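Chain by chain, the residues run as shown.
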Amino acid sequence: MPAGHRAVSVLYQALLTGLVLTLVTRRGEDRAAEFVFRLFRRQHLEKFLPGLAKLGLDRLPPAVACAQYHYLSNQVGGVKTEYARESDRKAWVRYPPPRWIWYGASICGIPSRVNAAMLHGWHGHNGVTLGNPRLGFVCTGQTVDGDPGLEGYYLEHDHGLAPDERVRFARGERMPAFDPAAAPRLDPVAWPPERLDTVIARYAMEYVRTTLPVALVLLGPDDMRALLGHAARLIGMQYHDETARLLEIDGRGTEPFARYLAALAEAQGEAVEVTAGPRGASVRLRGWRLIRGLEPLDPAAFEAWSELWRGALAAHDRSLRLDAAREAGGDVLFRIAPATAAA
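Bear in mind that the values here come from a model prediction, so they are computed numbers and not experimental data. Sequence order as written defines the numbering, with residues in each chain counted from 1. Where totals are concerned, whole chains, interfaces and linings use all residues; where local detail is concerned, this predicted model gives features only for residues with pLDDT of at least 70, and gives and counts side-chain atom pairs only at 80 or more. The side-chain values count all of the structure's non-hydrogen atoms but skip hydrogen atoms and water molecules.

Trainee: Sorry if this is basic, but what is going on with the packing of aromatic side chains here?
Mentor: The geometry of an aromatic ring pair is captured by two quantities: the separation of the ring centres and the angle between the planes. Each Phe, Tyr or Trp ring, with Trp reduced to its six-membered ring, pairs with another whose centre is within 6.5 Å; inter-plane angles below 30 degrees give stacked pairs, above 60 give edge-to-face pairs, and intermediate values give tilted ones. Tallied over the entire structure, the rule returns 16 aromatic pairs. Ring centres of Phe-48 and Tyr-69 lie 5.2 Å apart, and the angle between their planes is 90 degrees; this geometry places the pair in the edge-to-face category. Placement of the pair is Phe-48 in helix α2 (residues 29-54) and Tyr-69 in helix α3 (residues 62-76), with a sequence separation of 21 residues. Working definition: with a 1.4 Å probe on protein chains only, accessible area under 20% of the residue-type maximum means buried, over 50% means exposed, and in between means partly exposed. Relative accessible area serves as the criterion here: at 0%, Phe-48 is assigned to the buried category. Centre to centre, the rings of Trp-305 and Trp-309 are 5.7 Å apart; their planes meet at 80 degrees, and the pair counts as edge-to-face. In this pair, Trp-305 and Trp-309 are both assigned in helix α8 (residues 299-316), four residues apart and thus about one turn of the helix distant. Overall, the relative accessible area of 4% leaves Trp-305 in the buried class. Given the relative accessible area of 3%, Trp-309 is considered buried. Over the ring of Tyr-153 we find Lys-90, and its NZ or CZ is 4.3 Å from the ring centre. Charge-over-ring placement is defined geometrically: NZ (Lys) or CZ (Arg) within 6 Å of the ring centre, and within 35 degrees of the ring normal. Sitting above the plane of the Trp-191 ring, Arg-195 keeps its charged end 3.6 Å from the centroid. Helix and strand assignments come from DSSP, with helices taken as H or I runs of at least 4 residues and strands as E runs of at least 2, each series counted from the N terminus.

Trainee: Could you clarify how one ought to interpret α3 in this entry?
Mentor: To estimate the expected span of a helix, subtract one from its residue number and multiply by 1.5 Å. Here α3 is 15 residues long and its end C-alpha atoms lie 21 Å apart, about the 21 Å a rise of 1.5 Å per residue gives. The element α3 is extensively covered by neighbouring structure, given that 13 of its 15 residues are classed as buried. Positive backbone phi, approximately 90 degrees, marks Gly-78, located one or two places after α3.

Trainee: Is there a simple way to think about the layout of surface pockets in this case?
Mentor: Vacant regions in the atomic arrangement are exposed by a probe of water-molecule size rolled over the atoms. A 1.4 Å probe that fits but cannot get out identifies a cavity on a 1 Å grid over protein atoms alone, an open set with protein on both sides within 12 Å along at least five of seven lines counts as a pocket, and a residue lines either if it has an atom within 4 Å of a point. Grid points are joined across faces, edges and corners, and a volume is the space filled by probe spheres set on the points. In this structure, the largest pocket occupies an estimated 910 Å³ of space. Around the largest pocket sit 32 residues that line it, and Lys-47, Tyr-69, Arg-202, Tyr-203 and Glu-206 are the ones nearest its centre. Ranked by residue count, the leading element in the lining of the largest pocket is helix α6 (residues 193-247), at eight residues. A volume near 510 Å³ is recorded for the second largest pocket. Lining the second largest pocket are 25 residues, and of these Val-10, Gln-13, Ala-14, Tyr-103 and Tyr-239 sit closest to its centre. Those elements giving two or more residues to the lining of the second largest pocket turn out to be α1 (2-26) and α6. The greatest single-element share of the lining of the second largest pocket, amounting to nine residues, is contributed by α1. In this classification, Asp, Glu, Lys and Arg are treated as charged, Ala, Val, Leu, Ile, Met, Phe, Trp, Tyr, Cys and Pro as nonpolar, and every other residue, Gly included, as polar. Of the residues belonging to the lining of the second largest pocket, the class tally is 12 nonpolar, nine polar and four charged.

Structure follows, in structure tokens:
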């Protein structure tokens with residue numbers, strides 16, 4: 001389902017960016033940077049070592065393995081990335097514009113410190129996770145500062161690095177020209193087109209999956225409802241038309257919106273049941289794949305996530321209401337009905 005995977009990616013990519021911008025504007029640069037740091041550190045701790053092995057990079061020199069990891073793992077997620085190897089101890093990675101995470105005009109609202117927080121959260125911790133205290137990351141440019149991409153290199157030093165030396169900024173150095181022929185490639189047998197298509201959705205889903213527990217700890221349930229819920233509602237409204245076009249969902253009313261929800265849920269790997277009748281429609285998810293392995297989570301996580309679909313419904317047909325519930329057995333039930341109908 002290429003269109004469904006693309007639609008999920010678009011929504012969740014925008015939701016992550018929307019939350020960061022909401023934090024910048026409503027809670028300030030420090031809180032936004034702390035969120036980004038915690039998000040990327042948690043992602044790093046969960047994904048880095050298994051990802052190295054999955055991509056077949058775990059036997060390479062540390063600097064080379066790290067740069068190739070970021071090149072390949074981001075590429076499979078649909079992120080524009082470049083790579084260059086200078087030696088066994090120095091290897092570059094570059095994220096040219098347009099930046100995936102700060103897509104479109106949103107990049108104008110991201111402070112330099114907030115972007116740098118992802119490097120401190122992930123790139124600077126690779127050496128620690130690999131048990132190599134000499135390995136650090138040197139950032140030579142950030143797109144948010146006006147540089148032609150986020151870029152830098154992994155460098156294995158001659159001495160152990162203190163925590164504040166693991167990420168260093170050296171603006172002005174430039175990565176060698178990218179040679180696609182010299183870049184690493186995925187094994188086409190292990191990574192057929194169908195798998196890569198699915199990863200497009202999973203990549204963005206993983207960021208939102210990690211966002212839920214990180215935001216709960218950092219913000220608390222009440223602020224999470226207010227801030228993530230607000231961002232989710234806006235993103236749902238703004239991206240409904242684009243995602244509905246991708247899914248080829250036409251028309252207004254309860255039944256087309258139920259098909260819209262069901263198509264997105266199926267693209268997320270959910271088992272879905274749809275019921276439609278004269279008084280409304282319902283969509284049942286047999287579980288909630290997004291948070292598998294994270295429970296128990298405060299109900300605020302579900303409530304904030306549900307605002308994404310309420311926002312989409314507001315754009316689809318503002319005369320309708322969406323009720324969302326997490327049932328005792330773990331199923332998610334959405335009911336779509338006229339706003340004047342009894343709950």
